[in-house]
Amino acid sequence: MAKVKQIIELDDVVVKFAGDSGDGMQLSGSQFSDTSAFVGNDLSTFPDYPSEIRAPQGTIAGVSGFQVHIGHKEVQTPGDLADVLVAMNPAALKANLRWTKPGATIIIDIDNFDSNHYKKAGYTEDPLQDGSLEGFNLVKAPISTLTRSTVAEFGLDNRTAEKTRNQFVAGVLYWLFNRDMKIGENFISERFKKHPEYIQPNIAVLRAGYNFAETVEAMAVKFQVNPALKGKGLFRNITGNQATAWGLLAASERSGRKLFLGSYPITPATEILQELSVMKHLDCITFQAEDEIAGICSAIGASFTGKLGATSTSGPGLALKGEAIGLAVITELPLVIVNVQRGGPSTGLPTKTEQSDLMQALFGRNGESPVAVLAASTPANCFYYAYMSAKLAIEHMTPVILLTDGYLANGSELWPIPKVEDLDPIEPPLVQDNDMEYKPYKRDIESLARQWALPGQEGLRHRVGGLEKEDVTGIVSHDPGNHELMVRNRAEKIERISNYIPKQEIMGNKASDLLVIGWGGTYGALYTAVKELQEEGYSISLAQFTYINPLPKNTKEVMENHKKRIVCELNMGQFATYLRSKIPQFDYLQFNKIQGLPFMISELKTKFKEILEEI
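The rules behind the values
Residues numbered from 1 in each chain as written. Predicted model: local features only at pLDDT ≥ 70, side-chain atom pairs only at ≥ 80, totals over all residues. Heavy atoms only, no water. Helix = DSSP H or I, 4+ residues; strand = E, 2+ residues; numbered from the N terminus. Rg over C-alpha atoms; globule rule 2.2 N^0.38 Å. Buried < 20%, exposed > 50% of the residue type's maximum accessible area, 1.4 Å probe, protein only. Contact = heavy atoms within 4.5 Å. Areas by Shrake-Rupley, 256 points an atom, 1.4 Å probe, with all protein chains shown as cover. Lys, Arg positive; Asp, Glu negative; His and termini not counted. Charge placed at Lys NZ, Arg CZ, Asp CG, Glu CD. Axes fitted to C-alpha atoms, helices over the stretch in contact; angles between N-to-C directions. Parallel < 35°, antiparallel > 145°, perpendicular 65-115°, else oblique. Left-handed = near helix turned anticlockwise from the far one by under 90°. Nonpolar A, V, L, I, M, F, W, Y, C, P; charged D, E, K, R; others polar. Pairing = 2+ DSSP bridges. Expected span 1.5 Å × (residues − 1). Phe/Tyr/Trp six-rings, centres within 6.5 Å; stacked < 30°, edge-to-face > 60°. Salt bridge = Lys/Arg side-chain N within 4 Å of Asp/Glu carboxyl O. Core = buried A, V, L, I, M, F, W, Y, C linked by side-chain atoms within 4.5 Å. Polar contact = N/O pair within 3.5 Å; in protein donor to acceptor, adjacent residues only side chain to side chain.

Digging into the overall build of the chain
Part 1: In terms of helices and strands, the chain carries 21 helices and 21 strands.
Part 2: Compactness check: the chain gives a C-alpha radius of gyration of 26 Å against a globular reference of 25 Å for 615 residues, within 12% of the reference.
Part 3: Viewed in the frame of its principal axes, the chain has a C-alpha envelope of about 85 × 60 × 45 Å.
Part 4: Out of the 615 residues in the chain, the part that is buried amounts to 57%.
Part 5: Counted over contacts in the chain with a minimum sequence separation of 6, partners at least 24 positions apart contribute 77%.
Part 6: As displayed, the chain offers around 25900 Å² of accessible surface, 51% of which is attributable to carbon and sulfur atoms.
Part 7: Seen as two clouds, the 61 positive and the 73 negative side-chain charges of the chain have centres 1 Å apart.

Here it is as C-alpha cells:
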C-alpha cells in the first residue's frame, strides 16, 4: 500500500474533466464545484460541451469538458491551463493536452486506451509511448474495469453501470484534494432521490475511486486548498442562468408585480425558463411558447395587464423577436428581454460563447426604436443586472435588453445570497382609479416615462398599439410633426436613463499608459490580467462597461488622460465601433477573439505588454 508522503497546500488549482458526452463529466464537474463551495473555496467554472446531441463516441467532436478553478485566494476566471486533467478516452486527452500545464497530473481511464480508440481520436501513434506525455504525472486508472466489478453486486445492466464511472473519477478527486467523502455521498443521495435504486451503486463506485487513489503509487501526494477569505454570510454556487432567473424573481417581489416569462427553449438560455417553471409558489407564471415570436408577444400582453413581462432567448431568437420589441417600444410598456449570446450567425455555435449580438441589441429593429441595453459581467452579477433591467423597464416604461453569454450562463461562481429587502426599491408608475388628469402618453417631466394604467381600471380607458400615437392623448395619428416629436421623445427617454444609473468606474489610475476597455462577460479575464500587470508595476487601468445604452454620463471623462486605449471583446469589434460613434475624439485599439472561447489571461497580458513596451 502506498503511503501519503505529504499534503501540499495550494492557493488555487484548475481541474478539467473531459470525456464523451455520455460520460457524466458535467455532473462530475458540478459535484466537485459544489463540494468546493461547501468547504468555502472561491471558484469559477466553465462547462465546454458540443452542440450535437450525441456526436460519435470516442471522437474529438464528441468531447465534453468541464473546467473548474478553485482557490483560497480570489478567483475571477475558470483559469487558463489545467493543473489536473481527467481524460476518459484518447479523444479527451488529445483535445485538452494543449490546455494542460507542464507537470500537471493527468488521470486517464486506461481501459479505453487501445488501438480502436486511438483510431477514433485520430492518433497515428500510441500517445502513451510517443513521448508526448513526458513530464506529466500520468495516472493510469482502470476506471471502467473497477467500476463494473464494483456495481456487479447491484445487478445493474451494462449501460447503467457505465454511467457510474464518473463517480469513480469523483472519488479519485475527493482523495486528491482531501475532501470529506460524506459531502460526495450527500450529493449523490440528493441527485438520485427520485431514483433511490441508483444511490448505493453510485456511492459504492465513489468509495472505490477514493480507495484506488489511496493505494496507487502515482498518487502519493494530496493537495489542500483552504477556504477563501470571504466575509461572513450565506453563500452558494450559482450559474449565470440561475442568477438571472432569481434576479427577475427578486424584482417581481420588490415591485409588487407578478413575474410572467414567455419563452421558447433555445441553447444556452433554456435554463432560465426551466428555473422559473418550478417557482409557481412565488407567484411566477411561465409559458413555453411555440416559437420566439409567441414568447415575446405573450410577455408584452402580460405587461399590458400589469405584470413584469420578460422573455429569454439567444441570438437567432432575438432576431425573430425584433418586430415585437418594436411593438413594446411604441406602446411604451415595460419588458425585459434576456439574450444569452452564443456563436453565430444562424445556428452557429449553440454551446459556445461570443459577444456578437451587441449591434443587434442596439439597432436590430425597424424604425427608430431605441431600447436600454445592459450587460452582466459575471455569473453571480447576472442576478443584479436582471434586477436592474426590470427596475429600469418598469420605472421608465420601456423594453430593456439584458445581454449575458454562454460563458456566464453555464459558468458558476460562489455567490453571497442577498436579502431582497436590501435591494433598491422598484416603484411602478401606476395610476390611481378615476384619475381625471390621466392621459396615456402624458409624461413624467424628469424621466419622460408615461404612466401605467391597467385594463379594467375604472375611468382609465385608453388605447395602445403598433400605430403611431398622438403626444399626450394617445389617439392614433399620422401627423408628420407629431411623429417626429414622438420619435424624439422615445429616444430622449432612453438617454435620460443615464441620470438613474451609476457612473462608470475605473480599476486603477484615472491617468495611465494604457486603458483596457471591456464589456459584459470578459470581466474576469480582463480584471485578472490588468491586476497582475499592475502588481508587476505597469501603468494600466480597466474600464468594464455594463451599462451599454445609454452609456454612463462620465464615459468621456473615463476615456481621457490615458496614452492609449484598447477595446477587448469576443467579436470583430462591435463595442469599439459603438464607442467611435459615441465618443469619436479618441483613438481605440482593438483586441478581438472569435473562437467560441473566452479570453485567456496569458494572451491578454502578452498583448498589453506589447503595447505598453511601445509607449
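Comments concerning the packing of helix 7 (residues 181-191) against helix 8 (residues 199-215)
Helix packing for two helices is described by the angle between their axes and how far apart those axes are.
Part 1: Axis separation between helix 7 and helix 8 bottoms out at 9 Å; the angle between their running directions is 155°. The angle between helix 7 and helix 8 falls in the class roughly antiparallel. Classified by chirality, the crossing of helix 8 by helix 7 is right-handed. From helix 7, M181, G184, E185, I188 and S189 reach across to helix 8, where they touch I199, N202, I203, L206, R207 and Y210.
Part 2: Taken together, the residues of the contact of helix 7 with helix 8 sort by class into 6 nonpolar, 3 polar and 2 charged.

Looking at the sheet that holds strand 20 (residues 562-569)
Part 1: Judged by pairing direction, the sheet is parallel, and its 4 strands sit side by side in the order 18-17-20-21 without closing on themselves. Edge positions in the open sheet fall to strand 18 (540-545) and strand 21 (589-592), since each of these has one partner strand only. Neighbouring strand axes in the sheet, compared pairwise and without regard to direction, differ in orientation by 25° on average.
Part 2: Judged from the 4 bridges that link them, strand 20 and strand 21 form a sheet pairing that is parallel.

Examining helix 8
Part 1: Given a rise of 1.5 Å per residue, 17 residues ought to cover 24 Å, and the 25 Å separating the end C-alpha atoms of helix 8 matches this to within 8%.
Part 2: Among the 17 residues of helix 8, 12 are classified as buried, and the element is accordingly described as predominantly covered.
Part 3: Along helix 8, the residues that are buried comprise I199, P201, N202, I203, A204, V205, L206, A208, G209, Y210, F212 and A213.
Part 4: Where helix 8 is buried, its residues contact helix 1 (25-38), strand 7 (137-141), helix 4 (143-151), helix 6 (165-176), helix 7 and strand 8 (221-224).

Considering the packing of aromatic side chains
Part 1: For the structure shown, the criterion picks out 17 aromatic pairs.
Part 2: With a centroid separation of 6.2 Å and 80° between ring planes, the pair formed by F192 and Y198 is classed as edge-to-face.
Part 3: The partly exposed category is assigned to Y198, whose relative accessible area is 27%.
Part 4: Ring plane angle 55° and centroid distance 5.5 Å describe the contact between F545 and F575, whose orientation is recorded as tilted.

Some thoughts on the pattern of salt bridges
Part 1: In this structure the tally under the stated criterion is 26 salt bridges.
Part 2: A salt bridge links K73 to D12, with the nearest nitrogen and oxygen atoms 3.9 Å apart. Pair noted here: K73 is in the loop between strand 4 (63-71) and strand 5 (82-87) and D12 is in strand 2 (residues 12-20), with a separation of 61 residues, a long-range link.
Part 3: Across the pair K531 and E74 runs a salt bridge whose closest N-O atoms are separated by 3.1 Å. With a gap of 457 residues between them, K531 in helix 18 (residues 523-535) and E74 in the loop between strand 4 and strand 5 connect regions that are remote in the sequence.
Part 4: The structure contains a network of salt bridges with shared partners spanning D23, D109, R148, E162 and R165.

Structural notes on the sheet that holds strand 14 (residues 372-375)
Part 1: Strand order across the open sheet formed by 7 strands is 11-10-12-13-15-14-19, with mixed pairing between neighbours. Lying at the two open borders of the sheet, with one neighbouring strand each, are strand 11 (285-288) and strand 19 (547-549). Taken pair by pair, the neighbouring strands of this sheet meet at an average axis angle of 20°, ignoring direction.
Part 2: As paired strands, strand 10 (residues 259-263) and strand 11 are joined by 4 bridges and run parallel to one another. Considered in strand 11, the bridge of L261 is made with T286.
Part 3: Against the sheet, helix 15 (residues 382-396) makes contact with strand 12 (308-313), strand 13 (335-341), strand 14, strand 15 (399-405) and strand 19, and its axis sits at roughly 165° relative to strand 15, the strand it touches most.

A few points about the nonpolar core
Part 1: L276, I401, I517, F545, I548 and F575 are the most contacted members of the largest nonpolar core, which totals 90 residues.
Part 2: In this structure, L276 is in contact with A245, L248, L249, L259, L261, C284 and T286, ignoring residues within four places of it in sequence.
Part 3: In this structure, I107, V151, I199 and I203 belong to the second largest nonpolar core, which totals 45 residues.

Description of unusual backbone geometry
Part 1: With an omega dihedral of 0°, the bond running from T267 to P268 counts as a cis peptide bond.
Part 2: Summarising the element assignment, P268 is placed in the loop between strand 10 and helix 10 (270-277).
Part 3: A cis amide bond links N549 with the next residue in sequence, P550, at an omega value of 0°.
Part 4: Here P550 shows up in the loop between strand 19 and helix 19 (555-559).
Part 5: If you check the backbone angles, N178 has positive phi at about 60° while not being a glycine.
Part 6: Positionally, N178 belongs in the loop between helix 6 and helix 7.
Part 7: Although it is not a glycine, E332 adopts a positive phi angle of roughly 55°.
Part 8: Relative to the helices and strands, E332 resides in the loop between helix 13 (322-331) and strand 13.
Part 9: Using a relative accessible area of 0% as the deciding quantity, one classes E332 as buried.

Notes on the packing of helix 4 against helix 8
Part 1: Their axes nearest at 9 Å, the elements helix 4 and helix 8 cross at an angle of 135°. On the basis of their axis angle, the class for helix 4 and helix 8 is oblique. Helix 8 is crossed by helix 4, and the crossing has right-handed handedness. Two secondary-structure elements touch here, helix 4 through L146, T147, T150 and V151 and helix 8 through P201, A204, V205, A208 and F212.
Part 2: Considering only residue class, the contact of helix 4 with helix 8 consists of 7 nonpolar, 2 polar and no charged.

So, the environment of T378
Part 1: Structurally, T378 is set in the loop between strand 14 and helix 15.
Part 2: We classify T378 as buried; its relative accessible area is 12%.
Part 3: Taking C-alpha positions, T378 is 17 Å from S356, a pair spaced 22 residues apart along the chain.
Part 4: Setting aside chain neighbours within four positions, we find T378 in contact with L408, E413 and Y523.
Part 5: Among the polar contacts made by the side chain of T378, one reaches the side chain of E413 at a distance of 2.9 Å.

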